[in-house]
Amino acid sequence: MAITTSSISQSDRFPFDLVRPELEIVEASIRDQIRAFDPAVEPYVSYVCNTSGKRIRPALSILVGGALGNLGKDQHKIGVILELIHMATLVHDDIIDGAVTRRMVPTANAKWGDGLSVLLGDALFSHALALATEFDEITICRKVGRASREVCEGEIVQTQRRFDLGLTKEDYFRIIEMKTGALFAAASGISAALAGADEETEKSLYNYGLKLGTVYQIYDDCLDLVGSEEAVGKTLRTDLEKGKLTLPILNLLESASESQRTKLNKRIIEQEPLDLSVLVGIAEYEGAIESAVDTAIGMLDSCRDDLSSLADNEYTQALHQITRFLESLLAKCRS
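Bear in mind that the values here come from a model prediction, so they are computed numbers and not experimental data. (Residues numbered from 1 in each chain as written. Predicted model: local features only at pLDDT ≥ 70, side-chain atom pairs only at ≥ 80, totals over all residues. Heavy atoms only, no water.)

Attention now goes to helix H7 (residues 114-132). End to end, H7 covers 27 Å across 19 residues, agreeing with the expected 27 Å (1.5 Å per residue, within 8%). Within H7, burial applies to Ser117, Leu120, Gly121, Ala123, Leu124, Phe125, His127, Ala128, Leu131 and Ala132. Where the residues of H7 are buried, they touch helix H2 (20-35), helix H3 (42-49), helix H5 (73-97), helix H6 (108-112) and helix H8 (138-160). (Helix = DSSP H or I, 4+ residues; strand = E, 2+ residues; numbered from the N terminus. Expected span 1.5 Å × (residues − 1). Buried < 20%, exposed > 50% of the residue type's maximum accessible area, 1.4 Å probe, protein only. Contact = heavy atoms within 4.5 Å.)

Set out below in structure tokens:
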């Protein structure tokens, strides 16, 4: 279920092909930012920046600027800033989860230990926030700061509520809106503001990003259960081992028989790993994942509604196509 060229149709590749020249500018800018660090720190930053994924957030900022007919350097810059923040969160996530691989290479904590990796994530965070102060409009810097705070708050609340049987689905959605949705929302909402959008359009695009990021996290949570590490290229089952009650697990607790629920609750209360073999043995396991997928697909319908006021151009079509691409990935999580 990893996103690879061989598994994506031509139409699925379209959004990323459209912005590839712009993303190359973003990549060059990220390399410039790497060189801005002290020479003793630069190799560590370079390693993290070169193993951190698909640049979804910069792609969103570029697509929104294009959809609004005002794509320029500001969209590149906010994309770089949000990508640096995202990379900082990945470094910290891997420490918290004890993950040893990401993108099929060792994580920073696996290579250099937790202590140095914490500081590395902090360095990326602080550099991104410093870059945000270079915008002429102070409200942009405030929006970046607010998104950064929400990401950190989401991670704190999620860590605090591991193995917590009192966690509700509403709690879960709020956590993933903060920890993942916030940066997607910032990418689309801030890009709209930089493009000169009116308040209503900016809000609609912010909501598009928030929902898209939330769906992406639901997909990631399902993938943690049904994916293979060889295909995905990162350590899986960490949600289970660390007691994270994701949407599929909450669905399972809700639909399991009384005896099965008692067994699961006991393991959670005693903070025992929620071993996959235990979950697969429960009759409703597949249904719990199906329900999570259905929830996410419903949110993608709402994402498309948020784009209804935009002009019909190739960038707007690409924003729609991203939702269909995610829908196809979610469908692969079904039994």
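Here the narrative resumes.
So, about the pattern of salt bridges. Scanning the entire structure with this criterion turns up 20 salt bridges. Note that Asp97 and Arg162 form a salt bridge whose closest N and O atoms lie 3.0 Å from each other. Of this pair, Asp97 sits in helix H5 while Arg162 sits in the loop between H8 and helix H9 (169-194), placing them 65 residues apart in sequence. Classification of Arg162 by relative accessible area gives buried; the value is 15%. Of the charged contacts in the structure, one is a salt bridge between Glu254 and Lys169, with a shortest N-O distance of 3.1 Å. Here Glu254, found in helix H13 (residues 247-255), pairs with Lys169, found in helix H9; they are 85 residues apart in sequence, far enough to count as distant. (Salt bridge = Lys/Arg side-chain N within 4 Å of Asp/Glu carboxyl O.)

The next subject is the packing of aromatic side chains. Each aromatic ring pair is described using two quantities: the centre-to-centre distance and the angle formed by the ring planes. For the structure shown, the criterion picks out 5 aromatic pairs. When the ring of Tyr47 is compared with that of Trp112, the centres are 5.2 Å apart and the planes differ by 75°; the resulting orientation is edge-to-face. Taken together, the positions of Tyr47 in helix H3 and Trp112 in helix H6 put the pair 65 residues apart, joining distant regions of the chain. With a centroid separation of 5.3 Å and 70° between ring planes, the pair formed by Tyr172 and Phe173 is classed as edge-to-face. For Tyr172, a relative accessible area of 4% puts it in the buried group. An aromatic cluster of three or more residues is present, and its members are Tyr44, Tyr47 and Trp112. Of note, Lys77 hangs over the ring of Phe135, and the distance from its end group to the ring centre comes to 5.2 Å. (Phe/Tyr/Trp six-rings, centres within 6.5 Å; stacked < 30°, edge-to-face > 60°. Lys NZ or Arg CZ within 6 Å of the ring centre and 35° of its normal.)

One can find Leu194 in helix H9. Residue Leu194 is classed as buried on the basis of its relative accessible area, which comes to 18%. Here the alpha-carbon distance between Leu194 and Gly65, two residues 129 residues apart in the chain, equals 7.9 Å. Residues contacting Leu194, with those up to four places away along its chain left out, are Asn70, Asp74, Gln75, Ile78, Phe135 and Ile140.

With that settled, consider the side chain of Thr89. Here Thr89 is to be found in helix H5. Those residues within four positions of Thr89 in sequence are excluded, and the remaining contacts are Phe125 and Val151.

Detailed reading of the predicted model is not advised wherever pLDDT is low. Of all residues in the protein, 87% have pLDDT values of 70 or greater, and the mean over the chain is 87. For the protein, helix H11 (residues 229-232) is the element with the lowest average pLDDT, namely 50, and H9 is the one with the highest, namely 97. The model gives residues 1-12 a pLDDT under 50, and that stretch makes 24 contacts with residues more than four places away or in other chains. (pLDDT = per-residue confidence, 0-100.)

This paragraph deals with the packing of H5 against H7. Axis separation between H5 and H7 bottoms out at 8 Å; the angle between their running directions is 160°. When the axis of H5 is compared with that of H7, the two are roughly antiparallel. Classified by chirality, the crossing of H7 by H5 is left-handed. In this structure, H5 contributes Lys77, Val80, Ile81, Leu84, Ile85, Met87, Ala88, Thr89, Val91, His92 and Ile95 to the contact, and H7 contributes Asp114, Ser117, Val118, Gly121, Asp122, Leu124, Phe125, His127, Ala128, Leu131 and Ala132. Classifying every residue of the contact of H5 with H7 by side-chain character gives 14 nonpolar, 5 polar and 3 charged. (Axes fitted to C-alpha atoms, helices over the stretch in contact; angles between N-to-C directions. Parallel < 35°, antiparallel > 145°, perpendicular 65-115°, else oblique. Left-handed = near helix turned anticlockwise from the far one by under 90°. Nonpolar A, V, L, I, M, F, W, Y, C, P; charged D, E, K, R; others polar.)

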